[in-house]
Each structure stands twice: as C-alpha cells, then as structure tokens.
Amino acid sequence: MGQAVDNLSGVAPPLLDAGPAVRVRGLVKRFGEVTAVAGVDFEVHRGTCLGLLGPNGAGKTTTVEMLEGLTEPDEGEVEILGLTWRRDAREIRERIGAQLQESKFPDKLRVREVLRLFRSFFRDGADIDEALETVGLAEKRDAYVKTLSGGQKQRLSIGVALLNNPEIVFLDEPTTGLDPQARRRVWEIVERVKAAGGTVLLTTHYMEEAERLADDLIIMDHGRVIARGTPAAIIATLNAESVVQFSLGAGAGRALTEEDLLALDGVNAIRREGASVVLTVRHAHEVISGLFALIEARGLALEDLRTHRPTLEDVFVSLTGKSLRDE
Amino acid sequence: MSRLAELRELTRVRVYAFLREPEAVFWVFVFPLVLAVVLGLAFRSARPAPSLVAVAPGEGSAALVEALGASDGLEVEPFQTEDAMRVALRRGAIDAIVEPAPGGGEPILHIDTTRTEGETARLRIVEALAAARGAPLPEPVVREQTEKGSRYIDFLFPGLIGMNLMGTGMWGIGFALADTRQKKLLRRMLVTPMRRGSFFLSFMLSRLVFLTLELAIVAGFGAWVLGVPFRGTLVAFALVSTLGALTFAGLGVLTVSRARTIEGASGLMNFVMMPMWLASGVFFSYERFPDVTIPFIKLLPLTALNDALRNVMLDGASVVGQGRELLILAVWGAVSFLVAVRIFRWE
Ligand SMILES: Nc1ncnc2c1ncn2[C@@H]1O[C@H](COP(=O)(O)OP(=O)(O)OP(=O)(O)O)[C@@H](O)[C@H]1O
Ligand SMILES: [Mg+2]
C-alpha cells in the first residue's frame, strides 16, 4: 500500500543528508513605490508543507516567484535545496515544480499534449499516464484544455508541476475560485504528495486549507511576516479557548460598550463584525452566563449567540483588524 | 529528456495549435488561392476590352455613331442626356465623349488624359474616323506577344507567394507568441529547464513545416490551374522561399518581442507590413515609384524576396544569380532574430 502511494504521488523522497529545502533571508522586493515584500525570513524543512497565508496584496505571489527564480529579489538571499539561482538555475529548475497563480494552457491543446510538452523539458520524471493518474484526469486524457472545468484545469496545472517528480512543489493559490468539492480533490492530491515525503510550499486565502494541509504557517500582511508557527501554536497565541459571537436585536446598536464587555470575567479581546460582537475568551461558560446577566439587567434581547473554537481566521483578524478575504 | 525531444514537442505543439485554428488555415492556404483566382479572372482576357464611348447629340451625330460603331475596338453607349454622359465620363464608366462639330468639321473629343483608357479610346476613335472617311491610317505589322510569362497573372503570382510568405510568417508567429505571453504561459515555461533557444527555434521549425504545405498548394495551383511558368529549378525556388519564410519569421519574432497584448502585437505587425504591401512590387512593379526611392525599396525584405522569386520563376535564373537578394533577406532575418532574442519580454 505504502509502495502504491509512492508510485502515484509523483514526488521524490527527501534526501537524508540535506539541510532545509528552502532557506530565505531578508527578502525584499519593491515595485516602484510599492514594497511588495519587506524583509522576509523563513525555512521550509524537507518533507513538510509550509502554508503562506495572507490577504490580497500581502506579497505571497511575489515571495513565491522570487523562490521560483521568476522575479529577481532587490535584497536578500534565496537558497533552494542548498543551491542558488545565480549559480545553479538550471539544476534548481530540474528539481522544483511550480503552479503559477495566473498562467493558462492553450485552449486548443489536449490534456496529454500539454503534459507531454512539459515533460519534454525535464531530464527525468514521471510518464504522463502516471501524472494523469495522480491528478485524477485519466479519462480527460484526450480532452481539449478548453473543455475542462475550473477544477480540472487546476488539477492539470498541478499535474504539470509534478511531472519531474520535484523535490519541492510551489502551489500559488491552487484552490482559489474552486467550489468546495473541487477544492477537496486538490487537497487530496497535495496530501498524497506529502505522504510520499514531498516538500510543499502553498499560498492560500483559506484558513481551512492551511489548517488541513500545512505543517507550518506563515501569515503575511503588507509584505511582512506577522505570525509564524504550527497552526496550533499560532492559534494558541490568542490565549483563548473559545470565541463567542453574539448580536442584539435591531436598534440595540451599541447598547453594550467595550468597557461593559471587558468587565466580564475571562474576556481577552473584543471586536465588531457588522451587527455582531465577537469576544475572544478564556472561559466560555463564565463569559456567557455573565453576558446573559448583563443583557437581562439592561433590558436587552439576545438575537443570536454562537461559540466556536478559535481558528486562524480569528488570529488573523486579531492581528490585522481585517478579514483574510475581500468579501 | 533530450534537447531534441524538447524541440520536437515544442514544434509539435505549434503545429497543432495552428492547424486547430480554422481562421489561420484559411488565411494561409485558402486566401492566396482565392486572390489568385479572382485576379486571374480579372486579367484573363487576351486582348484589352473595347473602349466605351458616347456620342453627344447634335447635327451629324448619327453619322458619328455609325462610323464609331463599325470599329471592333469601340462600343457606343446610348445616353438620354448630355449631362448623364458627363457624369459617366467623370466616373470612368465610359472612356470618351465624341461631340459633333457644328458645320461638319472635325469632332471634339472629351477624354480624361490621365487615364490610359482615355488615350486608348482617342487612338481608336481617330482610327475609326479615318476608316469611315475611306482613308485608313497606315498600320505597322504587328506580331502578337502571347508567350507564357508575360501576362499580368505571371507577374502577379510570384508577388502573391512573397506576400503570403510574409503574412503567414509574421501573423503565424506574432499571434502565437503574443498569445503565449498574454496567457502567462511563457512564465510557466520559464520555471522549467526549457532552453530558451529551443523555444525560439520551434517557431522557425513550425514555419518550415507549413512552408512546405503552403508552397505545394499555392505553387501547384499556380502552375496547373493558372499556367504560371516555373522556369527555374525546384531547388532554387525552394531555397529562395525557405530563406524568405525564415526571414519573416525572424521579423515576426522581433515585431512582437515586447508587445504585451494581442492587440498591440497586431497593430505593430500591420505597421511593419503595410509599407511592403504597397512598395515591394506585389501587385505592380516598384519601378513606378520615383527614382530616388527605388534603392530604398530594393532594400526591403519583401522586395528582395519578390525579385528573387520572379527571377527564378519567370526567367529561370539560378540561385547564384540572386546573391544580392538572398543577402538582403539573410541580413534582415538574422539581425531581427538576434535582436529579438536579446530584447524579448518573457513576462
Ligand atoms: N509586477 C508588479 N508591478 C507592480 N506592482 C506589483 C507587481 N506585482 C505585484 N505588485 C504589487 O505588490 C504587492 C504584492 O502583490 P502579490 O501579488 O505578491 O500579492 P499576493 O499576496 O499574491 O496577493 P493575492 O492574494 O491577491 O494573489 C501588491 O500591492 C501588488 O500590487
Ligand atoms: Mg498572489
């Protein structure tokens, strides 16, 4: 079984002797006035998945494209598999796989033709039937790119990125714009790559995706890293066990002030999202009973009350004061 | 995989992409044939059409109509009014108006002297009037020239081949490149170890694949259907055409080497090709342009290609005799290609 997974994954197992797959130091990139990436350091260890999380314009794509050798950094160092772009560009290209955020394959080509074309660029790698199998496009072998659904196109793109059995795979928003089912299929592919020991660097807007796939996370905003660690560790920085979200009846507006709420025992932080109030709390029970008492005492009515375990989204909002997606 | 496999796959993809684009196939293979047929029909007749004339009303006009109508080269058109005649002359619907002179003197001719047709009509009218008077003009002995190779279609056809090589080279390559760039496919390829040289070379190679088809179809049609002569050797013809195709492929790559969008690329290509459509002697000889401009016109790649094609096809010239033209083509092609590769925008 383990063997079968290995064969399907299309990824080379990590080398035993080696240092980190990716090492980045003080990376900076400016476009005129805009500083897209403002000094970023990180490492990606072999056989792990690093998630790069951040809102639109955070600098994720710019960072990844500097790692892929597509964009020249203004400052800083990039080391891929212990190699540098300046000296070993060709060798790096043989050993990495990339799916770009925006590129499209020609409509008039068939799926297998696209794969065969890209396969011909690499010294060694999978054969295209294997690749088709890995990304679940075996029946679409002879279909024109034009006739593929969005999810299928995205899987083709990932299939192309896996053709050379890369040691590192870069996936830039592989699931943006896909419906939940298509998204899940992409996740399964990434999980198979990980199971075979591949190194993955993934950018995403989706917390759920990051929590499911990433071993380590970096949250970026305005070109800077604002948090890093395992998903659990990052969530733990909230120092909260629950998030309590409630809203009062229409017209109640801001009947409860920040001071009122902070006075409740166990409330760490407060923010408002439209009509509702979100409390980050340590002890949900006590806060909720305190909240009920307060509402009753003021003669207000509770319209909606929900609690959930804190997520990365909560961390993100508490760090930046804004939501991850422009929705 | 090997460099060869990479080149083969890149070329294969180019060929597929082209063959699956019906419009491209039309412009490369069908359009030149349509053009040749239409022009061939238009210039088919062995002798020039008769001159169309009108006779203005007045004393003696009936006798004029009779005298002119007797000539093979003239056809008298009836008109209701004199005004209608003048309008027709202005528009070139008739070539001359003959107005009887009061008192029976020599008639007055209204012709447009800037048109060849006007001059032809004048000569025919003079001839017809002399014959009617019973004193025909003395006529030199005429030997008719009907040899293959001197008809307009024979002049035109090599020009059409040249124009087609230019058009397909530039459009074929320009569009494919601009499209690849606009779809960010170029960047996607840059992440792989693809050799940039193979990428450019594949465009040249795909051109050669189509060139063979294109020449076989277009030249075959010219030879068998229109009877255009191919006096030179097949080798000479193939060499000149191949060099021409590669030259324009290079020029095509250069033209779009920085264009970001398809629209921009298409504007640039028209800008580059337009002067050559007009000046390089496709439809009429460039000798008609002012003398000072001719040395420059001769330096244009399409002029060189058309001249070499005509020399080889119509006069049976050897390749060696086309040194100057081939050199011009080679320089344009090589310089364009080298500059293009240097300034090429991959983003
Ligand atoms: N080629 C460029 N020229 C000018 N500005 C650029 C360029 N590429 C990126 N930027 C700017 O750099 C910043 C970071 O962009 P980047 O594409 O890296 O963000 P991102 O995190 O990938 O966003 P998204 O989630 O929308 O993909 C943005 O402000 C963007 O406008
Ligand atoms: Mg991006």
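*Asks:* I'd like to hear about the sheet that holds strand S7 (residues 199-204) of chain A, residue by residue, with values.
*Replies:* All names here are of chain A. Read across the open sheet, the six strands follow the order S5-S6-S7-S3-S8-S9; overall the sheet is mixed. Both edges of this open sheet fall to strand S5 (96-99) and strand S9 (224-229), since each of them pairs with a single strand only. In this sheet, adjacent strand axes meet at a mean angle of 15° when their direction is disregarded. As paired elements, S5 and strand S6 (residues 168-172) share four bridges and run parallel to each other.

*Asks:* Describe in detail the environment of Met-170 of chain B, supporting the description with residues and values.
*Replies:* All names here are of chain B. Considering the arrangement of structural elements, one finds Met-170 in helix H6 (residues 152-182). Under the relative-accessibility criterion, Met-170 is labelled buried at 0%. Taking the C-alpha atoms as reference points, Met-170 and Val-256, separated by 86 residues in sequence, lie 9.2 Å from one another. Apart from the residues within four sequence positions on either side, Met-170 is in contact with Phe-175, Phe-248, Leu-251, Gly-252, Thr-255, Met-269, Val-272 and Met-273.

*Asks:* Provide a residue-level description of the sheet that holds strand S3 (residues 96-99) of chain B, including the pertinent values.
*Replies:* Residue and element names in this part refer to chain B. One open sheet holds the four strands; their spatial order is S2-S1-S3-S4, and the pairing between them is mixed. Each of the sheet's edge strands pairs with one partner strand only, and the pair in question is strand S2 (74-76) and strand S4 (108-111). Taken over all neighbouring pairs, the strand axes of this sheet differ in orientation by 30° on average, direction set aside. In this sheet, S4 lies alongside S3 in antiparallel orientation, the contact comprising four bridges. Of the residues in S4, the one forming a bridge with Val-98 is Leu-109. Packed on one face of the sheet, helix H4 (residues 82-91) meets strand S1 (51-55), S3 and S4 and runs near 145° to S3.

*Asks:* Could you give an account of the confidence of the model for chain B, naming the residues involved and the relevant values?
*Replies:* When pLDDT is averaged across chain B, the result is 87; 96% of the residues are at 70 or more. In the predicted complex, the global pTM is 0.78; the interface-specific ipTM is 0.80.

*Asks:* Would you mind going over the site of ligand 1 in detail, with residue names and values included?
*Replies:* Residues and elements named next belong to chain A. In the region of ligand 1, 14 residues are neighbours, and Asn-56, Lys-60, Thr-61, Thr-62 and His-205 sit closest. Within the side chain of Asn-56, one N or O atom sits 2.8 Å away from an oxygen atom of ligand 1. In isolation ligand 1 has 630 Å² of accessible area, and contact with the protein removes 62% of it. Taken together, the elements giving at least two residues each to the shell around ligand 1 come down to strand S2 (34-44) and helix H2 (60-67). Per element, the largest residue contribution to the shell around ligand 1 is three residues, and it comes from H2. A breakdown of the residues in the shell around ligand 1 according to their chemical character gives five nonpolar, seven polar and two charged.

*Asks:* Outline H2 of chain A, listing residues and values.
*Replies:* In an α-helix, one full turn covers 3.6 residues, which means residues spaced three or four apart are oriented alike. Residues and elements named next belong to chain A. Among the eight residues of H2, seven are classified as buried, and the element is accordingly described as predominantly covered. Those residues of H2 that sit buried are Lys-60, Thr-62, Thr-63, Val-64, Glu-65, Met-66 and Leu-67. One or two positions beyond H2, positive phi appears at Gly-69, with a value near 80°.

*Asks:* Got a sec to walk through unusual backbone geometry? Specific residues and values, please.
*Replies:* Keep in mind that most residues, glycine aside, have a negative phi and that most peptide bonds are trans. Backbone geometry places Glu-173 of chain A, a non-glycine residue, at a positive phi of 50°. Within the secondary structure layout, Glu-173 of chain A lies in the loop between S6 and helix H7 (180-195). Even without being glycine, Lys-184 of chain B reaches a positive phi, approximately 65°. Assignment of secondary structure puts Lys-184 of chain B in the loop between H6 and helix H7 (185-190). When its relative accessible area of 30% is taken as the criterion, Lys-184 of chain B is described as partly exposed.

The rules we used
Residues numbered from 1 in each chain as written. Chains lettered and ligands numbered in written order. Predicted model: local features only at pLDDT ≥ 70, side-chain atom pairs only at ≥ 80, totals over all residues. Heavy atoms only, no water. Pairing = 2+ DSSP bridges. Helix = DSSP H or I, 4+ residues; strand = E, 2+ residues; numbered from the N terminus. Axes fitted to C-alpha atoms, helices over the stretch in contact; angles between N-to-C directions. Buried < 20%, exposed > 50% of the residue type's maximum accessible area, 1.4 Å probe, protein only. Contact = heavy atoms within 4.5 Å. pLDDT = per-residue confidence, 0-100. Near = heavy atom within 4 Å. Polar contact = N/O pair within 3.5 Å; in protein donor to acceptor, adjacent residues only side chain to side chain. Areas by Shrake-Rupley, 256 points an atom, 1.4 Å probe, with all protein chains shown as cover. Nonpolar A, V, L, I, M, F, W, Y, C, P; charged D, E, K, R; others polar.

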